[in-house]
Amino acid sequence: MRIIVNAGNNWGIGLKNKLLVRIPNDMKFFRAQTIGKVIVMGRNTLESFPQSQPLAGRTNIVLTTDPDYKVKDAIILHSMEELFEELKKYNDDDVYVVGGESIYRQLLPFCNKAYVTKVNHSYEADAYFPNLDELPEWRQTGESEEQTYFDLEYVFATYERQ
C-alpha cells in the first residue's frame, strides 16, 4: 500500500475537516497518482470532497464506524478486518491511503511508500500526519525541485519503508 498526503512544516494536514492549502499542481499530482487506483479514506475525508461524493475514476473505499452509513459508488467498510479482506482483491501497489489523520495512523504500518507534498509553511492545524523524518523505518528517497504557488514553496517528496 501507498500513502499520499499534503503536509506543512509541522506535518499538519487539516483544520476543521478541510485541507490546509489547495495547490493546483498538488491536485494534479494526486489525480495522476490515484486515477484508476483504489483509494482508502475515512468518512470525514470523503465528506470533505466536492459534494461529499467519491472521486471519479477510482475505487473509493470508506472506513466508518457508522453501521448505517451509505454512499453511492463507494465501498463502505466498518473495521480493519473488513478492509484487509477487501484489499486482497487488489494489487498492493494500486492501493492509496488518502486520509484523514486516524486512517493514516492506522494504515501507515502497512504501507511501503509515501508521497508527501511538503509545503514550506507551518499552518494552524487540528489534524497531523506522522513525522516520517522521525520514524527510523522510513527514509526519504526522492524529492522534486522546489516549486512555488504564489508565495508558497513546496516539493514532492517520496519516502520508502526500509
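Check the entry above for the structure.
The structure presented is a predicted model; accordingly, all values stated were derived computationally and were not measured.

Caption draft 1: Here's a closer look at the overall build of the protein chain. In terms of helices and strands, the protein chain carries four helices and 12 strands. Expected size for 162 residues packed as a compact globule is a radius of gyration near 15 Å; at 15 Å, the protein chain falls within 12% of this value. Once the C-alpha set of the protein chain is aligned to its principal axes, its extents read approximately 45 × 35 × 25 Å. Put simply, the protein chain has 162 residues, and 46% of those count as buried. Total accessible area on the protein chain is roughly 8,700 Å²; 48% of this is exposed by carbon and sulfur atoms.

Caption draft 2: Looking closely at the packing of aromatic side chains. Under the defined criterion, the tally for this structure stands at nine aromatic pairs. Judged by centre distance (6.2 Å) and plane angle (65°), the rings of tryptophan 11 and tyrosine 159 are edge-to-face. Here tyrosine 159 lies in strand E12 (residues 152-161) and tryptophan 11 lies in the loop between strand E1 (2-7) and strand E2 (12-15), a separation of 148 residues in the sequence. Looking at tryptophan 11, the relative accessible area reads 6%, which means it is buried. The class for tyrosine 159 is buried, based on a relative accessible area of 0%. Measuring from ring centre to ring centre gives 6.0 Å for phenylalanine 29 and tyrosine 115, while their planes differ by 70°; the resulting arrangement is edge-to-face. Placement of the pair is phenylalanine 29 in helix H1 (residues 24-34) and tyrosine 115 in strand E8 (residues 113-119), with a sequence separation of 86 residues. These aromatic residues form a ring-pair network of at least three members: Phe29, Tyr96, Tyr115, Tyr154 and Phe156.

Calculation rules
Residues numbered from 1 in each chain as written. Predicted model: local features only at pLDDT ≥ 70, side-chain atom pairs only at ≥ 80, totals over all residues. Heavy atoms only, no water. Helix = DSSP H or I, 4+ residues; strand = E, 2+ residues; numbered from the N terminus. Rg over C-alpha atoms; globule rule 2.2 N^0.38 Å. Buried < 20%, exposed > 50% of the residue type's maximum accessible area, 1.4 Å probe, protein only. Areas by Shrake-Rupley, 256 points an atom, 1.4 Å probe, with all protein chains shown as cover. Phe/Tyr/Trp six-rings, centres within 6.5 Å; stacked < 30°, edge-to-face > 60°.

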